[in-house]
Amino acid sequence: QGHQGMKRVLLARPTYGRIDPIAAKALNISMMTAAQHHVAWVGDVSYDREGWSKTRNMSHSAAIMNQLADGVLWTDDDMVPEFSSISKLVMADKDFISGLCFDRRHPFKPTFAVGSQDKGYNRGHEWPVDSLMPVDAFGFAFVYTSMALLRAVGPNPFKGALGEDYRFCELAKSKGFVSWVDTGCKVGHLGDPKIIDQKEFEMCRG
């Protein structure tokens with residue numbers, strides 16, 4: 001762990017060209033807020049214009065080479081965190097934890113699930129408010145991972161063109177790590193309407 005209770009964190013944000021200013025500003029504010037309290041940013045292991053699995057594996061390889069870091073904050077380039085989102089994930093002191101994120105397309109389901117690759121996954125419909133909740137898998141929309149986890153899963157832990165993040169979760173589980181969701185860490189997702197969050201999901205359910 002970092003000095004004086006701080007966590008030393010790397011950023012991994014895969015990009016695919018220009019970042020929407022709304023997403024860029026929100027992440028900057030969340031990073032600065034975290035830096036005032038709980039996080040010392042020690043590097044950036046992001047890559048641009050690569051495939052999903054490839055870019056995540058490249059970030060993983062760069063991260064485990066870093067001797068300073070305690071963990072990595074992974075976020076897609078179209079996520080809109082609240083100012084406290086990074087602080088909440090880091091303060092939870094978990095090896096593997098996601099914010100509460102939603103798909104950008106109708107019916108705007110949450111990105112976490114219970115189940116397995118073999119038996120199928122059930123996406124969440126209800127969850128406790130402002131709680132840490134164990135799940136079986138989640139997308140890597142807005143996630144914190146410890147270096148202990150990243151070293152345990154071995155090289156190139158992201159497999160497949162799609163669903164590479166759920167496969168990572170299964171690998172982490174096989175190594176004894178729990179996937180957590182902080183339901184109080186709300187993160188928007190750029191889409192149509194402009195920012196997808198819990199309101200759109202609840203409206204869609206009626």
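Above this note sits the structure.
Please read these numbers as outputs of a predicted model, since none were measured by experiment.

### Looking at helix α1 (residues 21-37)
Each α-helix winds once per 3.6 residues, and so residues spaced three or four apart point in a common direction.
Phase 1 of the analysis: The first and last C-alpha atoms of α1 sit 25 Å apart over 17 residues, in line with the 24 Å expected at 1.5 Å per residue.
Phase 2 of the analysis: Among all positions of α1, only Ala 23, Ala 26, Leu 27, Ser 30, Met 31, Thr 33 and Ala 34 are buried. The buried side chains of α1 occupy one side of the element, clustering within an arc of 160 degrees when seen end-on. Exposed residues lying more than 90 degrees from the buried face of α1 are Lys 25, Met 32 and Gln 36.
Phase 3 of the analysis: The N-cap of α1, judged by a side-chain oxygen 2.8 Å from the amide nitrogen of Ile 22 a few residues on, is Asp 20.

### A closer look at empty space enclosed by the protein
Phase 1 of the analysis: Using the criterion set out here, one finds 1 cavity of 30 Å³ or more in the structure.
Phase 2 of the analysis: Approximately 40 Å³ is the volume found for the largest cavity.
Phase 3 of the analysis: Forming the boundary of the largest cavity are Arg 13, Ala 23, Leu 27, Thr 75, Asp 76, Asp 77, Met 79 and Pro 81.
Phase 4 of the analysis: Of all elements in the fold, only α1 and β4 (79-81) reach the threshold of two or more residues within the lining of the largest cavity.
Phase 5 of the analysis: Taken together, the residues of the lining of the largest cavity break down into 4 nonpolar, 1 polar and 3 charged.

Criteria and cut-off values
Residues numbered from 1 in each chain as written. Predicted model: local features only at pLDDT ≥ 70, side-chain atom pairs only at ≥ 80, totals over all residues. Heavy atoms only, no water. Helix = DSSP H or I, 4+ residues; strand = E, 2+ residues; numbered from the N terminus. Expected span 1.5 Å × (residues − 1). Buried < 20%, exposed > 50% of the residue type's maximum accessible area, 1.4 Å probe, protein only. Arc of directions from axis to C-beta. Polar contact = N/O pair within 3.5 Å; in protein donor to acceptor, adjacent residues only side chain to side chain. 1 Å grid on protein atoms, 1.4 Å probe; cavity = no way out; pocket = protein on both sides within 12 Å on 5 of 7 lines; lining within 4 Å. Points joined across faces, edges and corners; volume = space filled by probe spheres on them. Nonpolar A, V, L, I, M, F, W, Y, C, P; charged D, E, K, R; others polar.

Read these as spatial facts, not as claims about activity.
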